[in-house]
Amino acid sequence: MSKLVTIYGGSGFVGRYIARRLAKEGWRVRVAVRNPNEAMFVKPYGAVGQVEPVFCNIRDDNSVQSVMHGADAVVNCVGVLDEIGKNTFDAVQTDGAERIARIAASLDVGIMVQLSAIGADAKSMSKYSRTKAAGEAGVLVHMPNAMILRPSIVFGDEDGFFNRFAGMSRFGPVLPIIGADTKFQPVYVDDIAAAAVIGVHGKAQGVYELGGPHVHTMREMMNEMLLIIRRRRLVLNIPFPAARLMALGFKVIRTLSLGLVRGPVTADQIKNLRINNVVSDDAQGFKALGITPTSMKVILPDYLWRFRPSGQYDAIKESAKNLK
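A.B. asks: Would you mind going over the environment of Pro186 in detail, with residue names and values included?
C.D. replies: Inspection of the secondary structure puts Pro186 in the loop between strand 9 (183–184) and strand 10 (187–188). With relative accessibility at 3%, the residue Pro186 sits in the buried group. Considering only alpha carbons, one finds Pro186 and Val51, 135 residues apart in sequence, at a separation of 29 Å. The contacts of Pro186, once residues within four sequence positions are left out, are Ser152, Ile153, Phe155, Gly211, Gly212, His214, His216, Met221 and Met296.

A.B. asks: An account of the packing of aromatic side chains is needed here, citing residue identities and associated values.
C.D. replies: The geometry of an aromatic ring pair comes down to the distance between the two centres and the angle between the two planes. With the rule as written, the count across this model stands at five aromatic pairs. Aromatic pair Phe89 and Tyr128: ring centres 5.9 Å apart, planes at 80°, arrangement edge-to-face. Remark: Tyr128 occurs in helix 4 (residues 127–142) and Phe89 occurs in helix 3 (residues 89–106); sequence separation between them is 39 residues. For the pair shown, Phe89 and Tyr128 are each scored as buried.

A.B. asks: Which residues make up unusual backbone geometry, and what values go with them?
C.D. replies: For residues besides glycine, phi is generally negative; the peptide bonds are generally trans as well. The backbone phi angle of Asp108 is positive, close to 60°, even though this residue is not glycine. Along the chain, the position of Asp108 falls in the loop between helix 3 and strand 5 (111–115). Its identity is not glycine, yet Arg230 carries a phi of approximately 60°, on the positive side. Turning to its location among the elements, Arg230 is positioned in the loop between helix 7 (218–229) and strand 13 (234–238).

About the thresholds
- Each residue is numbered by its place in its chain's sequence as written, counting from 1.
- Per-residue local features of the predicted model are confined to residues with pLDDT of at least 70, and side-chain atom pairs are confined, for both listing and counting, to 80 or more; whole-chain, interface and lining totals are unaffected and use all residues.
- Values reported for side chains reflect all heavy atoms of the structure, with hydrogen atoms and water molecules removed beforehand.
- Counting from the N terminus, the helices are the DSSP runs of H or I reaching at least four residues and the strands are the DSSP runs of E reaching at least two.
- The cut-offs for exposure are 20% and 50% of the maximum accessible area for each residue type, with area from a 1.4 Å probe on protein chains only; residues under the lower value are buried, those over the upper are exposed, and the others partly exposed.
- Contacts are assigned to residue pairs that have any heavy atoms within 4.5 Å of one another.
- Between rings of Phe, Tyr and Trp, where Trp is taken as its six-membered ring, a pair exists when centres lie within 6.5 Å; planes separated by under 30 degrees are stacked, by over 60 edge-to-face, and by other angles tilted.

Here you go:
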């Protein structure tokens, strides 16, 4: 019988790519999510019954354990960029990660891959980064041979980064950003999945910082994106003091609306935007795993074309201009 892997958050941005790769290799894949009915798109990744979405609440021991029984490996891709209700940074990124590792150890699951983030630091000013670091520590207490992946900003078809800013560029001559000079090392989502699969096979352990082949500032990434979608916009940097005031205003609005209205940025996210998000000089990375990372310039045109002024017809119109 083929091996079984449980992927917590397996229908999320990164998780779905891991699920697809493992399904192609013949693994049975259990995709543990909060809303299985919204994760049915993962089923065609494999043969009938090979990939199954199942309900799981990682804040609950019994729920986590129920979807882990019989698994040969577990992958945790669950994380939050903003705290909503009971899904706080502590509950999800610290307690949830530790819970999965603890139960995996109790069930003698031999392999665990934990998705973290570059910048995970117990001393960080950002609660997001502190809880990521605490989650890593909790995993290693119970699963000392776990593989921990720390990617930089992740791009791909379903990303919430380039798609978001490309969408914003359609509504005016100015594209506002925060942290224009902060450096990032954008990494392709499927390259992260390839690294995770190596870990699931038990061929790698320890911490790996994953970044693409090039380092870019936030402003450089936005200019590259605008070039691809063929829009001329003024990339306007919002100074950090002004950004903090903006985040405070959105927090007040969110409180008054009982959470119905959410702002585009939080104070915690602004703290992260002050710090470079690149692979450390002494860190293990793609090279140690034998993976050649993909440049964003190769992938972005494949999915950002829809934000061009004429969408899929933009290239045809440009060609037509050359006809005599």
